[in-house]
Structures are given as structure tokens and as C-alpha cells.
Amino acid sequence: MVPRGSEADQAAALGTSLVAPTDARQHAQALLAPLADSPPLLATLHNWLSLHGSWDRTATALGIHRNTVRQRITRISGLLDTDLDDPDVRMELWFALRSLDRDASRG
């Protein structure tokens, strides 16, 4: 059993027990580099993934038309040169976005 308050306990609480935070951040930055200069594309990807790929709910969350969401996701897929229908790809992108979110919330 891990003592309460230990480094491992704190890491698990942050969801970083499998990958060091620095490594996660570096991987996320490299993975999402093609979108780095486009906050609307990052926001679309983040919302679309968090809403399980729902065009309509993503459009509502962002206040845009659902066809705009579709166009952005197609563009994101091309820029990242990846298949966003692949659940493993979606998971990796979600973890990358969450890693960057965690860093942003820390300052």
C-alpha cells in the first residue's frame, strides 16, 4: 500500500502515474504542433472529443454551425495526418489536450 501523501499517490491523483508530466507535455506539444497556431481548431478538437464526436453538441458548445464543425474536424485530421475515426487516435489526442490543459491551469 502506498502511504497517503506520497509522490506516487499525488501522481495518481493527477492522472500522471503512467507518464512523467514533462514527457506528457512534450509529447502533447509535438502531437498537436500543427494546430498550435489555430486556437479555433484546438477548441473544436477539444470540444468534439469531449462530446464523443457529436457534431451537433460540439456546434452548440462552440456557437457555430455543425457543418463548420465537420469542416474543422476534416481540416484537423488532414493537418495531423491521422484518422479521427480510430479510437486509439482519439484517446491519444484527448490525453494530449488534457496534459496541456493541466499545464495551462497551473500557470
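Described below are features of the structure shown in this document. (Residues numbered from 1 in each chain as written. Predicted model: local features only at pLDDT ≥ 70, side-chain atom pairs only at ≥ 80, totals over all residues. Heavy atoms only, no water.)

## So, helix α5 (residues 66–80)
Our working definition: Only runs of H or I of at least four residues qualify as helices and only runs of E of at least two qualify as strands under DSSP, and these elements are numbered from the N terminus. Between the first and last residue of a helix there are one fewer steps than residues, each counted as 1.5 Å, and that sum is the expected span. A 1.4 Å probe rolled over the protein chains alone gives each residue an accessible area, and that area as a share of the maximum for its type sets the label: buried under 20%, exposed over 50%, partly exposed in between. Each direction from the helix axis to a C-beta atom contributes to the arc, which is the arc of those directions.
Taking 1.5 Å of rise per residue, 15 residues should cover 21 Å, and α5 covers 21 Å from first to last C-alpha, within 8% of that figure. Regarding α5, the residues found buried are V69, I73, I76, S77 and L80. With its buried residues spanning 100° around the axis, α5 presents them on a single face. In α5, those exposed residues whose orientation departs by more than 90 degrees from the buried face are Q71, T74, R75 and G78.

## Focus on the packing of aromatic side chains
Counted only if it meets this: Pairing of aromatic rings covers Phe, Tyr and Trp, the last through its six-membered ring, and needs centres within 6.5 Å; plane angles under 30 degrees mean stacked, over 60 mean edge-to-face, and all others mean tilted.
This structure, assessed with the given rule, holds one aromatic pair. Taking 5.7 Å as the distance between ring centres and 35° as the angle between the ring planes, the aromatic pair formed by W48 and W55 counts as tilted. Exposure remark for W48: the relative accessible area of 2% places this residue in the buried category. Overall, the relative accessible area of 24% leaves W55 in the partly exposed class.

## Section: the nonpolar core
Formally: For this analysis, a nonpolar core means a set of buried residues of the types Ala, Val, Leu, Ile, Met, Phe, Trp, Tyr and Cys, connected via side-chain atoms within 4.5 Å. The criterion used for residue contact is that any of the two residues' heavy atoms lie within 4.5 Å.
Membership of the largest hydrophobic core comes to 17 residues, with the highest contact counts inside it found for L32, L35, L45, W48, I76, L84 and L93. Residues in contact with I76, not counting those within four places in the same chain, are L35, L41, T44, L45 and L84.

## Here's the deal with the environment of H52
Looking at the secondary structure, you find H52 in the loop between α3 (39–50) and α4 (55–62). Taking the relative accessible area as the measure of exposure, H52 reaches 65% and is therefore exposed. Note: C-alpha distance between H52 and R90 (38 residues apart in sequence) is 9.3 Å. Excluding anything up to four places from it in sequence, H52 contacts R57 and R90.

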